[in-house]
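Spelled out from the first residue to the last, the chains are:
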There are 2 protein chains.
Amino acid sequence: MTLSPSERRREIVNLVMARKTVALDDLAAHLGVSRMTVHRDLDLLEERGLLRKERGGATAESSLLFESNFHYRMQNDLAEKHALARAARALVEPGSVIMIDDSTTTLLLAEELEAIEFVTVITNSLAVCEKLRAHSNVKLVLSGGSYNQNLQAFYGLICEQSIAKLRADWAFLSASSIIGLSLYHQDQEVVRMKRALMAAAERRALLVTHSKFHTRALNHFGELSEFDRIFIDDGLDADSAAKLRQAGIAFELVHGQNTTRTETK
Amino acid sequence: MTLSPSERRREIVNLVMARKTVALDDLAAHLGVSRMTVHRDLDLLEERGLLRKERGGATAESSLLFESNFHYRMQNDLAEKHALARAARALVEPGSVIMIDDSTTTLLLAEELEAIEFVTVITNSLAVCEKLRAHSNVKLVLSGGSYNQNLQAFYGLICEQSIAKLRADWAFLSASSIIGLSLYHQDQEVVRMKRALMAAAERRALLVTHSKFHTRALNHFGELSEFDRIFIDDGLDADSAAKLRQAGIAFELVHGQNTTRTETK
DNA sequence: GTCCATATATCAAATTCCGTGTTATTTTGT
DNA sequence: ACAAAATAACACGGAATTTGATATATGGAC
């Protein structure tokens, strides 16, 4: 089986992530392509901030070990994220004002908005901005701030102050990690931005894949109880689900298994 | 002679602009392509906000009649704008903080920044943002605000307040129109943004093509005397030049004639 | 400094993607 | 209901990208 260029690069990233460092010749042999091609792939991945290229091979960039890179995260659990986005779309009423955070999950919600008559979207995510810029049914408001290439979004004082000056009907957020009833994220400036979004919205919706229940991240940014609606894909293990129910947290299990193409007709 | 796709679309725009409305069949006949191709061109131009597609043809969007559309302006005097950008680049010192406005002229300055060691760029232009996002030598700060699809940039309260909170060494601006010693722009919210940029920068540089001396726009946004450096391409007529000199305005004539490819080796 | 391994540059072949026109089907306005 | 127009689907040809072979340059170990 021969991989497509993007699949091949993904495979390289996986190997680099698992082994932390990997030889160029090993990659060429494992992927069945020439050294030259591997060189070019590594150059590209270095551009994206996923790894550091060095003589004879490559090592993982620290950002990759935290799995915080946008391009990398975008690939994970895609089908589940799509399903969550489709489910959350029902909350968006024509004419309403919504906030969308910098996560790859809520980015997919942006794609769903084409179907809505008219919406105002406030975001700090450049990726969301690019998805919506051509849609004439969407009034787009960007927070601004300092650009973070790794997360494809804007942060800092400018970002937080802009958000603080706005009001929305709903804020749609995701989290990196859920431990107990608390939400975590690895990055402080992201935490500040998320707090600003949560404070500026009338109601809050959380979209998380079940994988978020099995990772850890450094900084606390909120509690499940702060959210009005919570969407989780149905890959959630029974144990975690039971604990949530026991704590009185209402959530919706969304069907979105790893069927690569499950377009609902 | 057969036109390239972009030339063909430009021709459509010119026709729509001149006639205000034009039939699809006329376009197909005049351009020597199939109806299907014209359909696809019109879809694309409608996406860009240049015209409105309607049964049997297309009509000009008002933004086009005011020549305020980004994609349209981007095509005009390209060689001259490139030359202005190259000249202005010399002002940017490594490590400095600069502001770039939403004009198509200063957008080309952004392209030139790759050569600079390290710069912080503050802008309200999404186009500038996209040019620079991948450059690791540029720290990018976006003002945020409400997105204007027609101008590919952000405006409004958020934008102005963000800019007011920042300081820069240089602001690089352009103008739609120069009448006497005054600068004009057709759009009020753009004027506000430009004033904010000018106020937030230590020094100001103006980049204008000679064609700006022969058009008119509604709103006053500044005086030539407010700028520390002024760059004009050498297509400027002797009469206008004399008047500037007489008024004691120092400016630099930049060579950049319509030689389609004058790459300086 | 030399030497060998690795990296970059260049080019031609292979492949993929994009633009186009044809035909078939659906939609729209009268 | 009808005709004109718009859209959808498909296939062809050419442009652009990707790839690996080769040649050249660079870097580190000694």
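A brief look at the structure comes next.

Rules of the game
- Residues numbered from 1 in each chain as written.
- Chains lettered and ligands numbered in written order.
- Predicted model: local features only at pLDDT ≥ 70, side-chain atom pairs only at ≥ 80, totals over all residues.
- Heavy atoms only, no water.
- Contact = heavy atoms within 4.5 Å.
- Buried area = accessible area lost by both parts, 1.4 Å probe.
- Salt bridge = Lys/Arg side-chain N within 4 Å of Asp/Glu carboxyl O.
- Polar contact = N/O pair within 3.5 Å; in protein donor to acceptor, adjacent residues only side chain to side chain.
- Helix = DSSP H or I, 4+ residues; strand = E, 2+ residues; numbered from the N terminus.
- Pairing = 2+ DSSP bridges.
- Axes fitted to C-alpha atoms, helices over the stretch in contact; angles between N-to-C directions.

As for the interface of chain A and chain B
Here is step 1 of the chain: Facing the 22 residues of chain A at the interface are 23 residues of chain B.
Here is step 2 of the chain: Between chain A and chain B, roughly 2000 Å² of surface is buried when both sides are summed, and carbon and sulfur atoms account for 49% of that area.
Here is step 3 of the chain: On inspection of chain A and its partner chain B, the count reaches two salt bridges.
Here is step 4 of the chain: Its salt-bridge partner being B:R133, residue A:E130 comes within 2.9 Å of it at the nearest N-O pair.
Here is step 5 of the chain: Between the two partners, chain A and chain B, sit 14 residue pairs in polar contact (both at pLDDT 80 or more).
Here is step 6 of the chain: Counting residues per element, the ones that place at least two in the side of chain A that touches chain B are α8 (126-132), β6 (138-142), β7 (145-148) and α9 (157-164) of chain A.

Digging into the sheet that holds strand β10 (residues 177-179) of chain A
Residue and element names in this part refer to chain A.
Here is step 1 of the chain: With antiparallel pairing, the three strands of this open sheet are ordered in space as β10-β11-β13. Both outer strands of the open sheet, β10 and β13 (219-223), are each paired with one neighbouring strand and no more. Each adjacent strand pair in this sheet contributes to an overall mean axis angle of 35 degrees, direction not counted.
Here is step 2 of the chain: Here strand β11 (residues 182-185) runs beside β13; their pairing, made up of four bridges, is antiparallel. By the bridge assignment, Y184 is partnered in β13 with H220.
Here is step 3 of the chain: Sheet strands in contact with helix α10 (residues 188-200) are β11 and β13, and its direction is about 15 degrees off that of β13.

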